[in-house]
Amino acid sequence: MEEKLPFAGDIVRTTSVRRLNKLYFAYMDLSPEVQQAYKELILYCGGVEDLLQKSEISQYELVFHKDDNWKIVG
């Protein structure tokens, strides 16, 4: 079974298994809301680990705007 990873943009040909596991667990540590909005939110972050860090910092707030877009503000 082949499945596309949501964080595939963080993976390159030389990505190690250790790094792949780290990315996977960072993604799984995201809240369900952030995982659901991942494709929109990743545009504002450098990668899955950056998104995880920002989602854990209390000064940042995940906001759903009236134009149906998620944004990180802070």
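This structure is a prediction, so every number in the text was calculated from the model and none was measured. (Residues numbered from 1 in each chain as written. Predicted model: local features only at pLDDT ≥ 70, side-chain atom pairs only at ≥ 80, totals over all residues. Heavy atoms only, no water.)

Asks: How should I be thinking about the packing of aromatic side chains in this particular structure?
Replies: Given two aromatic rings, one states the distance between the centres and the angle between the planes to describe the pair. Summed over all chains, the structure comprises 3 aromatic pairs. Ring centres of tyrosine 27 and tyrosine 38 lie 5.3 Å apart, and the angle between their planes is 80 degrees; this geometry places the pair in the edge-to-face category. Highlighted residues: tyrosine 27 in helix α1 (residues 17–28) and tyrosine 38 in helix α3 (residues 38–41), separated in sequence by 11 residues. Using a relative accessible area of 11% as the deciding quantity, one classes tyrosine 27 as buried. (Phe/Tyr/Trp six-rings, centres within 6.5 Å; stacked < 30°, edge-to-face > 60°. Helix = DSSP H or I, 4+ residues; strand = E, 2+ residues; numbered from the N terminus. Buried < 20%, exposed > 50% of the residue type's maximum accessible area, 1.4 Å probe, protein only.)

Asks: I keep staring at the nonpolar core and nothing clicks. Help me out?
Replies: Soluble globular proteins tend to bury their nonpolar side chains together. Phe7, Tyr27, Leu30, Tyr38, Val48 and Leu51 are the most contacted members of the largest nonpolar core, which has 13 residues in total. Those elements that provide at least two residues to this core are α1, α3 and α4 (48–56). (Core = buried A, V, L, I, M, F, W, Y, C linked by side-chain atoms within 4.5 Å.)

Asks: Sorry if this is basic, but what is going on with the pattern of salt bridges here?
Replies: Side chains that differ in sign of charge can pair as their charged atoms come close. Within this structure, the stated rule accounts for 2 salt bridges. Between glutamate 49 and arginine 19 there is a salt bridge; the shortest N-O distance is 2.8 Å. With glutamate 49 in helix α4 and arginine 19 in helix α1, this pair connects stretches of sequence that are 30 residues apart. You can call glutamate 49 partly exposed: its relative accessible area is 26%. Salt bridges sharing partners connect three or more residues here, namely Arg19, Lys22 and Glu49. (Salt bridge = Lys/Arg side-chain N within 4 Å of Asp/Glu carboxyl O.)

Asks: Got a minute to help me understand a nonpolar patch on the surface in this structure?
Replies: On the surface, Tyr24, Phe25 and Met28 cluster together into a nonpolar patch covering about 300 Å² of accessible area. As for its placement among the helices and strands, phenylalanine 25 is situated in helix α1. (Patch = residues over 30% accessible without salt bridge, like charges linked within 9 Å, V, L, I, M, F, W, Y side chains within 5 Å. Areas by Shrake-Rupley, 256 points an atom, 1.4 Å probe, with all protein chains shown as cover.)

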